[in-house]
Amino acid sequence: MRRRLAWRFNLVYGSLWMLLQVFIQVTIWTALYRGREAVEGATLADMVTYVVIANLSGMAAQVFGGRQIEDRIKSGDFASDLLLPMDYRLGLVCENIGDVLFRYLVSGLPMVAGVLIFLSIGPPASVAHLVAFLVTLVGAFLISSCLELLKGTMAFWAMRPGTLDWIFGGLDTVFGG
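Predicted model only: the values in this text are computed from it and were never measured.

Caption draft 1: Layout of the overall build of the protein. Per the secondary structure count, the protein includes eight helices and two strands. Element order for the protein, N to C, with α for helix and β for strand: α-α-β-β-α-α-α-α-α-α. Each of the 177 residues in the protein was classed as buried or not, and the buried ones make up 29%. A separation threshold of at least 6 residues defines the contact pool for the protein, and within that pool the share at least 24 residues apart is 76%.

Caption draft 2: Expanded view of helix α7 (residues 127–153). With 27 residues, α7 should cover 39 Å at 1.5 Å per step; its first-to-last C-alpha distance of 39 Å lies within 8% of that length. Taken together, the buried positions of α7 are Leu137, Phe141, Ser144, Ser145, Glu148, Leu149, Lys151 and Gly152. You can read the cap of α7 off the contacts: a side-chain oxygen lies 3.3 Å from the backbone nitrogen of Ala128, and it is on Ser126.

Caption draft 3: Broad picture of the packing of helix α2 (residues 8–32) against helix α6 (residues 88–118). Closest axis-to-axis distance for the α2/α6 pair is 9 Å, and the angle between their directions is 40°. For the element pair α2 and α6, the recorded crossing hand is right-handed. Every residue of α6 that contacts α2 at Leu11, Gly14, Ser15, Met18, Leu19 and Val22 is listed here: Phe102, Val106, Ser107, Pro110, Met111 and Val115. For the contact of α2 with α6, a count of residues per class yields nine nonpolar, three polar and no charged.

Caption draft 4: Summary view of the nonpolar core. Residues Val22, Val52, Leu56, Ile69, Tyr104 and Met111 are the most contacted members of the largest nonpolar core, which totals 24 residues. Only α2, α3 (44–61), α4 (66–75), α6 and α7 provide two or more residues apiece to this core. Sorting elements by how many residues they give to this core places α6 first, with eight residues. Those residues in contact with Leu56 that sit more than four places away from it in its chain are Tyr104, Gly108, Met111, Val112 and Leu137.

Caption draft 5: Fine view of the side chain of Arg103. With respect to the helices and strands, Arg103 occurs in helix α6. If sequence neighbours within four positions are ignored, Arg103 has contacts with Met59, Gln62, Val63, Phe64 and Gly108.

Caption draft 6: Representation of unusual backbone geometry within the structure. Positive phi outside glycine occurs at Glu40, with the angle close to 50°. Within the secondary structure, Glu40 is located in the loop between β1 (38–39) and β2 (42–43).

Caption draft 7: Here's a closer look at the environment of Leu137. Looking at where Leu137 falls in the secondary structure, it is placed in helix α7. Judged by relative accessible area, Leu137 falls into the buried class, the value being 14%. Sequence spacing of Leu137 and Ala60 is 77 residues, and the spatial spacing of their C-alpha atoms is 6.6 Å. With residues up to four places along the chain from it excluded, the contact list for Leu137 reads Leu56, Ser57, Ala60 and Tyr104.

Caption draft 8: Layout of the packing of α6 against α7. At a minimum axis separation of 11 Å, α6 and α7 run at an interaxial angle of 130°. Taken as axis vectors, α6 and α7 run oblique relative to one another. Between α6 and α7 the crossing geometry is right-handed. On the side of α6, the interface is formed by Arg89, Leu92, Val93, Asn96, Ile97, Val100 and Tyr104, while α7 contributes Leu137, Phe141, Ser145 and Leu149. For the contact of α6 with α7, a count of residues per class yields eight nonpolar, two polar and one charged.

Caption draft 9: Spotlight on α3. Helix length check: α3, at 18 residues, gives a terminal C-alpha distance of 26 Å against a target of 26 Å (1.5 Å per residue), a fit within 8%. Those residues of α3 not exposed but buried are Met47, Val48, Thr49, Val51, Val52, Asn55, Leu56, Met59 and Ala60. Of the surrounding secondary structure, the elements contacted by the buried residues of α3 are α2, β2, α6 and α7.

Thresholds applied
- Along each chain, residue indices are assigned from 1 in the same order as the chain's sequence is written.
- The model is predicted, so local features are restricted to residues of pLDDT at least 70 and side-chain atom pairs to those at 80 or more, both for listing and for counting; the totals for chains, interfaces and linings are taken over all residues.
- Hydrogens and waters are ignored; side-chain quantities use all the structure's heavy atoms.
- Think of it this way: any DSSP run of H or I at least four residues long counts as a helix, any run of E at least two long counts as a strand, and we number them from the N terminus.
- Classification of residues uses two cut-offs on accessible area relative to the type maximum, computed with a 1.4 Å probe and protein chains only: under 20% is buried, over 50% is exposed, and between them is partly exposed.
- Whether two residues touch is decided by their heavy atoms; if any such pair falls within 4.5 Å, the residues are in contact.
- By definition here, a helix of n residues has an expected span of 1.5 Å times n minus one.
- Two N or O atoms form a polar contact when they lie within 3.5 Å of each other; inside protein one atom must be a possible hydrogen donor and the other a possible acceptor, and for residues adjacent in sequence the pair counts only when both atoms belong to side chains.
- To obtain an axis, a line is fitted to C-alpha atoms, over the contacting stretch when the element is a helix, and the angle between two such axes runs from 0 to 180 degrees between their N-to-C directions.
- Handedness of each helix crossing follows the sense of rotation of the near helix against the far helix: counterclockwise by less than a right angle gives left-handed, clockwise gives right-handed.
- Only Asp, Glu, Lys and Arg are considered charged in this grouping, and only Ala, Val, Leu, Ile, Met, Phe, Trp, Tyr, Cys and Pro are considered nonpolar; every other residue, Gly among them, is considered polar.
- Put simply, buried Ala, Val, Leu, Ile, Met, Phe, Trp, Tyr and Cys residues joined by side-chain atoms within 4.5 Å make one nonpolar core.
- Under this scheme an angle from 65 to 115 degrees is roughly perpendicular, one under 35 degrees roughly parallel, and one over 145 degrees roughly antiparallel; angles in between are oblique.

Function cannot be inferred from these measures alone, as they are strictly geometric.
What follows is the structure, given as structure tokens:
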């Protein structure tokens, strides 16, 4: 957390960027729904809820660590990390959990508060839907963490790690929707 707070500009910029993204997406949906109550059963409030959920989900799946592993492998510091009493992968996952929770606190909470003040979002259809969403969110985080670990350890064989970022980004775009 101390590392994140040290970069105040990035902190403010990240929060404002999240609010701007939601504002743009809601504005687009509002323009598309102008003069219509619902489109194929989906109301504007449903679409605003979708925008909020999609942005919160994206925050959970946005983990880092591949570049950190890669840098430590290239510098040789990774060998000393393996001698520590804690599993390196577990430590990296815990660090990512902290980063995601920090982003939720600093960017996600203001976004949800802004939407609740100026617009309305619908509650989950049921408790079962909420639980299923949270399980899916944890799954997205774990899959992203595993991919980052894989990408970081592939630095042993890759001469140009930037290419791995490009490949993983392309795969994420194709399979992530």
